[in-house]
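A structural walkthrough
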Amino acid sequence: MIRLRVLTASTGACTHISLHPNEFTYSTIQSRLAAVLPVNDQIILIGPPYKVPKDSLLRNNETISALRLGDEEDELIQNGRHSLEPAERTGSKRIFLFSKRALANNAPEPPDCVLDPAPGPLPMPTQSDIPPPPPSPSDVVETPLRNALELYVRQLMLDVAKGRVFADGADLRLAACRKCLSEMVAIAHALRAAVSNLSDHRAGAVRQRTQFSSDFVDAASFYMGLLQKFELRAGEGYVDETNTFSVENESLGSVPLHPSLVAAARSSGRMMETLLDTVPLDREKAWANKCHTAHERLTASAEDLEAAFGTAVGTSSGWNEEAQEDLAAEEIIKMLISEVEDADNRIRLSQSEKNDILASNQSEATRIMSTAVRNESQEGRAESAFSSLEEMAKSSSSILMTMESDDNILSQLSQHVADAKSAAMKRMKTRLRHISVAQSEIARVTSSVSVLQHALLQLKTDIGHLEHVVELPSSYQSFLTEIQRRRAYCNAFKSIFDATLERLNLMRADEIKLREAFLRGPGKHLMPAFYEIFVPTLATSPAVFSPQLPDMLEFQTLPNVGSQSTQYSSSSTESGSTLMSSQVREMESNVNTKDQSVLVSADENSGNYDVMMQTMSQGDVTPRRKDDKAERATLKYENAVLRQKLEQAGVKVPPYIDSHTTTTIHPDENDSMDQRHKEQHRKISSLEAELERVLKELEAARVASAQKEAANLRPNSDLETTQQRSDKISHTSFEVGDIGLFMPTGRGRGGKRIYLAFHSSCPHRYLSPDCIDGSPDFVLGRIVYQEEFEAG
């Protein structure tokens, strides 16, 4: 079983409840406390930190241990420390029960504290309450001496009874004071819990208000700048305040539309010549006015919120005053604890000792009386007994006077403690009422902040529509680039499709000829089983591949915006120079920082060259022209993609040159040029082969001589010599260790790019596909190995 102490905040009374670990939940605690307060009137806080407890927190072993530690600390004195030590320092926790009705304005005042026994004189026994002393067997006969001595004994017995009342009264008064102080300590702890909970609410409200203020200032700044740009964009003409062209200060009326777009608008029955004509200006201006009105209302609400927040949260000086008052109240409790402990150590022990003396005197008086009665006949015995009893009576009387004086001190102390608790309960009611009002105001302000935050988010969304007008010029440029890229894609797609289909048809024609040659030659000697059982399709023609290209409806709807607006071509020279200089700097940095390995091989291109030579040998140059067309269309599409990415990255790009501005060659002229090029290439190849043979012989002789000379040199000298070569890009000599620049020239088998070395002489040198990762625009690196191949 788990035993818990629940402290009532308004009175400090302690309620003990015992729960099974499985019953240790918030609802179960509420039901067990229903005898103290109704469930709907309860507010339970546990802490620190002081919050409404959850079942997961209550069932935590650390929480149970902290609650037990709090129970131990609630003892008034333990190891010389009072129980008002901060719970955050000791790690203890407590459960407090608050009443909702006690926080109302019409809540009744708490009753005055009355201790038991009540402050004032204690009820004392009288002579009639004292029974006569029991006679001894020898004192059967009453004599005048016995009667006289018995009066003294009965008086001493009355003094003993009074002393016992004073001693027991001291114990009861001190116990009542301790209980009252314990309840006052519980009230102080409960007030700390309420103040801590209020501080948490206040801190949360401050954080929320600060976040809203920051967001509001940013939104206001963004709105004012956006509104200013909107007014500039909505102008009819160009606004030049700095005498320099800038996209930031241009109006939409100064940006002309591309002629193809103007023609498209006219074909649809609309007149659009500038970007301003594409904007529903009246509707946008009306929307801007609505946003401006909403911003002014939100600004006024934000100002009202600041005023309400200052009233709800208060100032730090007010918080400090309340904290000082709470500390002063706790100091009073500490002082009363010290006074009660001092009275316990000084008066209670003294009263007990004095009561023992009175009881001893009464026993001695009884003995003296019995002795005097037995020896009544002896002379002088009576006088001696009377004299001793008189002295004892005086001593007991003086002891009673001191005990009564000590009891008066305890009575005043108990009255002081009772008055202090009454004042503490009244102050607790007032403070809890103020805390409840403050929390209600904070909750109201927090709710207002939440409403304004939603309004600010909505205003940001509404104002964001004006950003479409502000960003329209840059979006228009991106639109033109996007259209160019899409047109290039459609052209490249159709060209590659036509070239691929033509190649497949050519391959099928060659396959038919080869099959016919086989069937007319060796195939005619085969037995029927080869045609009927082994390979039933041996005498059939290859399948016809005739896919249908989907109708390029998108290409028909895309306007031809190949040449951009003249407004943006004024800085084309500067843009081109900027791009080329950046490319040169990038290439130089790559040479200085990269030392990657490059494998030079002609294997990838040689295969492609074989196919091209076979096609040319058949006298059909149409596939070659289609391949070239597809390659040009592909490069144009890749160029468009690159331009679009550069523009998105904010890099100035050179002016776009459309294909219709280039010089075209008639197909017949192209055929004659191909024939002359082939003849020249054949002659050059023969000369190069002869030159290569001579160079090989010279190289073999040079190597043999060098090997003899370098026999005694270090093994790594060749490697060091290679590493010390120049880092400049080589374009005439390609040896291991040189720097080579390889540019894309087309695509080979599998659609992979072919990279040709930047050179000024033959033979051609190609980059091995093993050194290529992806499809870079160029490859720059050091040659580590090269191998010779022959086309054919």
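The next point concerns the overall build of the protein chain. A count of helices and strands for the protein chain gives 18 helices and 10 strands. Residues counted as buried form 36% of the 792 residues belonging to the protein chain. For the protein chain, the share of sequence-separated contacts (at least 6 apart) that also reach a separation of at least 24 residues comes to 76%. Of the roughly 46200 Å² of accessible surface on the protein chain, 55% is carried by carbon and sulfur atoms.

In this section: the sheet that holds strand E2 (residues 14-19). Strand order in the open sheet made by the four strands is E2-E1-E6-E3, with mixed pairing throughout. With partners counted over all chains shown, the strands left at the sheet margins are E2 and strand E3 (42-47), one partner each. Shown here is a sheet whose adjacent strand axes are inclined to one another by a mean of 30°, direction ignored. Bridging between E3 and strand E6 (residues 94-99) involves six bridges; their strand directions are antiparallel. Bridge pairing in E6 links Leu 45 to Phe 96.

Three or more residues of helix H6 (residues 259-267) are buried, namely Ser 260, Leu 261, Val 262 and Ala 265. Looking at the packing, one finds that the buried side of H6 touches helix H11 (472-520). Looking one or two residues past H6, Gly 269 carries a phi angle of roughly 85°, positive in sign.

Attention shifts here to the nonpolar core. A general feature of soluble globular proteins is that nonpolar side chains tend to end up buried together. Phe 98, Phe 212, Val 417 and Met 428 are the most contacted members of the largest nonpolar core, which totals 84 residues. The set of elements that each furnish at least two residues to this core consists of E6, helix H5 (144-233), H6, helix H7 (281-313), helix H8 (316-374), helix H9 (381-464), helix H10 (467-470) and H11. Per-element accounting of this core gives the leading share, 24 residues, to H5. Beyond its immediate stretch of four places on either side in the chain, Phe 98 contacts Ala 9, Leu 37, Asp 41, Gln 42, Ile 43, Leu 45, Ala 190, Ala 194, Met 428 and Leu 432.

Sheet topology note: the strand E8 (residues 739-747)/strand E10 (residues 779-786) ladder contains four bridges and is antiparallel. Bridge pairing in E10 places Ile 739 opposite Arg 782.

Attention now goes to the environment of Glu 23. With respect to the element layout, Glu 23 can be found in the loop between E2 and helix H1 (26-32). It is 9.6 Å that separates the C-alpha atoms of Glu 23 and Met 1, two residues lying 22 residues apart in sequence. The contacts of Glu 23, once residues within four sequence positions are left out, are Thr 28 and Arg 32. Within the structure, Glu 23 has its side chain in polar contact with the side chain of Arg 32 (distance 3.3 Å).

A word on the packing of H5 against H7. One way to put it is that H5 packs onto H7 with a least axis distance of 11 Å and a crossing angle of 155°. Put simply, H5 runs roughly antiparallel to H7. Between H5 and H7 lies a crossing whose hand is left-handed. Split into classes, the residues belonging to the contact of H5 with H7 amount to 15 nonpolar, four polar and five charged.

Per-chain confidence: the protein chain averages 77 in pLDDT, with 79% of residues scoring 70 or above. Ignoring residues within four places in sequence, the model shows residues 238-246, a span with pLDDT below 50, making 15 contacts including any to other chains. Taken together, the stretch residues 714-724 has pLDDT below 50 and engages in four contacts with residues farther than four places along the chain or on a different chain.

Within the fold, Ser 414 resides in helix H9. Overall, Ser 414 belongs to the buried group, its relative accessible area being 0%. Those residues in contact with Ser 414, other than ones at most four positions away along the chain, are Leu 115, Pro 119, Arg 173 and Cys 177.

This part covers unusual backbone geometry. Looking along the chain, the bond that leaves Gly 47 and enters Pro 48 is cis, with omega of 5°. By the element assignment, Pro 48 lies in the loop between E3 and helix H2 (55-58). Of the consecutive residues Pro 48 and Pro 49, the connecting peptide bond is found in the cis state with omega at -10°. Mapping Pro 49 onto the fold places it in the loop between E3 and H2.

Judged by side-chain polarity, Met 527, Phe 530, Ile 533, Phe 534 and Val 535 come together as a nonpolar surface patch covering roughly 510 Å² of accessible area. By the secondary structure assignment, Met 527 is in the loop between H11 and helix H12 (528-534).

The next thing to look at is the packing of aromatic side chains. Evaluated as defined, the whole model comprises six aromatic pairs. Seen in terms of ring centroids, Tyr 152 and Phe 386 are 6.1 Å apart; in terms of plane orientation they differ by 70°. Their pairing is edge-to-face. Residue Tyr 152 is found in helix H5, and its partner Phe 386 is found in helix H9; the two are separated by 234 residues along the sequence. For Tyr 152, a relative accessible area of 24% translates into the label partly exposed.

Procedures and definitions
Residues numbered from 1 in each chain as written. Predicted model: local features only at pLDDT ≥ 70, side-chain atom pairs only at ≥ 80, totals over all residues. Heavy atoms only, no water. Helix = DSSP H or I, 4+ residues; strand = E, 2+ residues; numbered from the N terminus. Buried < 20%, exposed > 50% of the residue type's maximum accessible area, 1.4 Å probe, protein only. Contact = heavy atoms within 4.5 Å. Areas by Shrake-Rupley, 256 points an atom, 1.4 Å probe, with all protein chains shown as cover. Pairing = 2+ DSSP bridges. Axes fitted to C-alpha atoms, helices over the stretch in contact; angles between N-to-C directions. Core = buried A, V, L, I, M, F, W, Y, C linked by side-chain atoms within 4.5 Å. Polar contact = N/O pair within 3.5 Å; in protein donor to acceptor, adjacent residues only side chain to side chain. Parallel < 35°, antiparallel > 145°, perpendicular 65-115°, else oblique. Left-handed = near helix turned anticlockwise from the far one by under 90°. Nonpolar A, V, L, I, M, F, W, Y, C, P; charged D, E, K, R; others polar. pLDDT = per-residue confidence, 0-100. Patch = residues over 30% accessible without salt bridge, like charges linked within 9 Å, V, L, I, M, F, W, Y side chains within 5 Å. Salt bridge = Lys/Arg side-chain N within 4 Å of Asp/Glu carboxyl O. Phe/Tyr/Trp six-rings, centres within 6.5 Å; stacked < 30°, edge-to-face > 60°.

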